[in-house]
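A structural walkthrough
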Amino acid sequence: MNYRKFQADKIFTGFEFLDPSHVLIMDEDGKVMEILAEMDAGEGIERYRGILCPGFINAHCHLELSHLKNSISPHTGLIPFLLDVVGKRENDQVLILDCIEKAEKEMEREGIVAVGDICNTSITLETKRRSKIRWNNFIEVLGMRDEKAEANLLHYEGILHAFTGAATNMKSSLVPHAPYSISNKTFEGINNRTGHSIVSMHNQENPAEDELYTKGTGDFIRFFNKLGLTESPFPVTGKSSLQSCLPHFNKKQRVILVHNTFTAEEDIVFAMDYAKEYLSGIHFCLCANANLYIENRMPPIDLLIRNKAEIVLGTDSYSSNWQLSIASEIRTIRKELPEIPLQLLLQWATINGARALERDDALGSLETGKKPGIVLLDNALEARKIV
């Protein structure tokens, strides 16, 4: 058996930093064997400048929108952005597939080893079959009308069926798009189909989401009008969108809330308390570059940290980002909030993300028996895949 031995200025295990006196030992298949003191590691050590860490987890992406790179203006706000995506997502299929391939290769080069990917179609399937990345395919349901709920769910179950069992590097489940696009009956249907599954949902990207549920007014009414609806199809609950919609899930799902740009502290507390009784876990996914691209605003990271929320990182898509790089997300957060320790950010990017996608049995940390991949971060926090 051949072994590779790695040493760097620092080794990040997924939990903590180790100093340069440690050497990571992996077998030829990329399995972690052990971490030894340098004096016990013998010869043949590969030495690197920078930080060696487990492969990154991208908890939120839209691979099928990769052809929209540089086609949507930044800082428009959520609702104009959504209308732009709807208007521009159709394109030549050859172009779409080529952009999907390029985006997948970029993520692999950047050291991303698993992705929670939003799918509205099955167009990414063949790229994923060939990919070395592990994929959690979140088949995203959209359905604003109760009377169309079952028909919509049957349509998306057809897409789910295309992914299910297609390759060993994939897991797939139905998920809701967002509180402003899922009717009560559609939520009920998703809940009944996703017990003990992972559910991802866009959450509170714009203040209009809360206004829609608290008052039944706001910018989303104009959005619905442009889609041909004369009034809001959603109930006025007097509560925030998150407090109105999260209780639709009560079958021990693991829920990933994505973006959270305008999430209040009371909603964070509510979600975490609700999860203790009805869910198997709840995670708050930050897509910092996309938050800045769309709303030019960062999510309330300080509130999430203060309330000990489980934070993970995502890139969103090329429609709302300049690159698909978890290292870039880390750099952006450090620029905006330099007081956050790098160790904490790397936990979000590795072990936390692996837990959220239920892949921590193999990924997310440098523990014996795992095959987590290895990323090198240089002093500028630029990433490069090593294993």
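A few points on the structure. None of the values given here were measured: they were computed from a predicted structure.

As a further point, take the pattern of salt bridges. Should the charged atoms of two oppositely charged side chains come close, the side chains can pair. Per the stated rule, a full pass over the model turns up 20 salt bridges. The salt bridge involving Glu64 is made with Arg89; its shortest N-O contact spans 2.6 Å. Placement of Glu64 in the loop between β6 (56-61) and α1 (78-88) and of Arg89 in the loop between α1 and α2 (93-109) is noted, with a sequence separation of 25 residues between them. A residue is classified by how much of its surface remains accessible, and Glu64, at 4% relative accessible area, is buried. Residue Glu358 is joined to Arg254 by a salt bridge in which the shortest nitrogen-to-oxygen separation is 3.0 Å. Residue Glu358 is located in the loop between α13 (342-356) and β14 (374-377), and its partner Arg254 is located in strand β11 (residues 254-259); the two are separated by 104 residues in the primary sequence. On the accessibility criterion, Glu358 (29% relative accessible area) is partly exposed. Several salt bridges share partner residues, and in doing so they unite Glu101, Lys105 and Arg130 into one network.

What follows deals with a nonpolar patch on the surface. Taken together, the side chains of Met1, Tyr3 and Met33 make up a nonpolar region of the molecular surface, amounting to roughly 320 Å² of accessible area. With respect to the helices and strands, Met33 occurs in strand β4 (residues 32-37). Exposure remark for Met33: the relative accessible area of 30% places this residue in the partly exposed category.

Attention now moves to helix α7 (residues 219-226). Where α7 is concerned, the buried positions are Phe220, Phe223 and Phe224. Along the axis of α7, the buried positions cluster into a sector of 95 degrees, meaning they face one direction only. Structural note: α7 exposes Arg222 and Lys226 on the side pointing more than 90 degrees away from its buried face. Buried residues along α7 sit in contact with α1 and α6 (207-214).

Let's shift gears to the packing of helix α4 (residues 149-163) against helix α5 (residues 184-193). Remark: α4 packs on α5, axes separated minimally by 9 Å, with the N-to-C direction vectors making an angle of 40 degrees. In terms of orientation, α4 lies oblique with respect to α5. Crossing of α4 against α5: the hand is right-handed. Between α4 and α5, the contacting residues are Ala149, Glu150, Leu153 and Glu157 on the first element and Lys185, Thr186, Gly189, Ile190 and Arg193 on the second. Residues belonging to the contact of α4 with α5 are distributed by class as follows: three nonpolar, two polar and four charged.

Let us now look at the environment of Ser328. Assignment of secondary structure puts Ser328 in helix α12 (residues 326-336). Of the residues examined, Ser328 reaches a relative accessible area of 6% and is grouped as buried. A sequence separation of 40 residues divides Ser328 from Ala288, and the C-alpha atoms of the two residues are 9.2 Å apart. Of the polar contacts made by the side chain of Ser328, one reaches the side chain of Asn289; its length is 3.1 Å.

Once that is clear, we can look at the sheet that holds strand β13 (residues 311-313). The pairing of strands in a sheet happens through backbone hydrogen bonds and is either parallel or antiparallel. The four strands are arranged β10-β11-β12-β13 in an open sheet whose pairing can be described as parallel. The sheet is open, and its two edges are formed by β10 (198-203) and β13, each paired on a single side. Recorded for the sheet is a direction-independent mean angle of 30 degrees between the axes of neighbouring strands. Relative to β11, β10 runs parallel, the two being bridged by six bridges. Within β11, the residue paired with Met201 across the bridge is Leu257. Contacts from α13 reach β10, β11, β12 (281-286) and β13 within the one sheet, and its direction differs from that of β13 by about 95 degrees.

Here is what the cut-offs are and how they apply
- Residues numbered from 1 in each chain as written.
- Predicted model: local features only at pLDDT ≥ 70, side-chain atom pairs only at ≥ 80, totals over all residues.
- Heavy atoms only, no water.
- Salt bridge = Lys/Arg side-chain N within 4 Å of Asp/Glu carboxyl O.
- Helix = DSSP H or I, 4+ residues; strand = E, 2+ residues; numbered from the N terminus.
- Buried < 20%, exposed > 50% of the residue type's maximum accessible area, 1.4 Å probe, protein only.
- Patch = residues over 30% accessible without salt bridge, like charges linked within 9 Å, V, L, I, M, F, W, Y side chains within 5 Å.
- Areas by Shrake-Rupley, 256 points an atom, 1.4 Å probe, with all protein chains shown as cover.
- Arc of directions from axis to C-beta.
- Contact = heavy atoms within 4.5 Å.
- Axes fitted to C-alpha atoms, helices over the stretch in contact; angles between N-to-C directions.
- Parallel < 35°, antiparallel > 145°, perpendicular 65-115°, else oblique.
- Left-handed = near helix turned anticlockwise from the far one by under 90°.
- Nonpolar A, V, L, I, M, F, W, Y, C, P; charged D, E, K, R; others polar.
- Polar contact = N/O pair within 3.5 Å; in protein donor to acceptor, adjacent residues only side chain to side chain.
- Pairing = 2+ DSSP bridges.

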